[in-house]
Amino acid sequence: MGDETFRTPYTPYAGGSTPSASVGPQEGRHELWGFFWLALLNTTVIAVVGITTWWFVH
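Note that the structure is predicted; figures quoted are calculated from it, not measured. Along each chain, residue indices are assigned from 1 in the same order as the chain's sequence is written. Residue-level local features of this predicted model are given only where pLDDT is at least 70; pairs of side-chain atoms are given and counted only at 80 or more, and the full residue set underlies all totals for whole chains, interfaces and linings. Side-chain figures throughout are based on the complete set of non-hydrogen atoms in the structure, without hydrogens or water.

Draft legend 1. Layout of the overall build of the protein chain. On a plain count of helices and strands, the protein chain comes out with one helix and zero strands. Relative accessible area decides the class of each residue, using a 1.4 Å probe on protein chains only: under 20% of the type maximum gives buried, over 50% gives exposed, and in between gives partly exposed. Residues classed as buried in the protein chain amount to 0% of the 58 residues present. Calculation of accessible area relied on Shrake-Rupley with a 1.4 Å probe; when residues are assessed, cover is drawn exclusively from the protein chains displayed. Of the roughly 5,500 Å² that the protein chain leaves accessible, carbon and sulfur atoms contribute 69%. Runs of H or I in DSSP of at least four residues are treated as helices and runs of E of at least two as strands, each being numbered from the N terminus.

As structure tokens, then:
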């Protein structure tokens, strides 16, 4: 793994935008970890709200 640029596998389409082909592997991994932690946070919030609601109902 070097500093090669990431080339998107998606083809452009009319009216849309394509991801930049200049995103490096390090930046891509950083974004994936960001999405991972955001998904984990969202799951935690949903679980806490669900458990709290269940507790109030019962």
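Next comes the rest of the description.
Draft legend 2. A look at the packing of aromatic side chains. Two rings from Phe, Tyr or Trp (for Trp, the six-membered ring) form a pair when their centres sit within 6.5 Å of each other. Planes less than 30 degrees apart are called stacked, planes more than 60 degrees apart edge-to-face, and all others tilted. Within this structure, the stated rule accounts for three aromatic pairs. Each ring, one from Trp-33 and one from Phe-36, has its centre 5.4 Å from the other, and the planes form 90 degrees; the classification is edge-to-face. Of this pair, Trp-33 and Phe-36 both sit in helix α1 (residues 25-57), three residues apart, roughly one helical turn. Here the aromatic rings of Phe-36 and Trp-37 are separated by 5.0 Å at their centres, their planes lie at 70 degrees, and the arrangement is edge-to-face. For Phe-36, a relative accessible area of 41% translates into the label partly exposed. Every member of this aromatic cluster is reached through a ring pair, and the members are Trp-33, Phe-36 and Trp-37.

Draft legend 3. The arrangement of a nonpolar patch on the surface in detail. Residues Leu-32, Phe-35, Leu-38, Leu-41, Val-45 and Val-49 make up a contiguous nonpolar surface patch of roughly 610 Å² in combined accessible area. Relative to the assigned elements, Leu-38 resides in helix α1. To count toward a patch, a residue needs a relative accessible area over 30% and no salt bridge; like charges are then connected within 9 Å, while nonpolar side chains (Val, Leu, Ile, Met, Phe, Trp, Tyr) are connected within 5 Å. The salt bridge definition used is simple: a Lys or Arg side-chain nitrogen within 4 Å of an Asp or Glu carboxyl oxygen.

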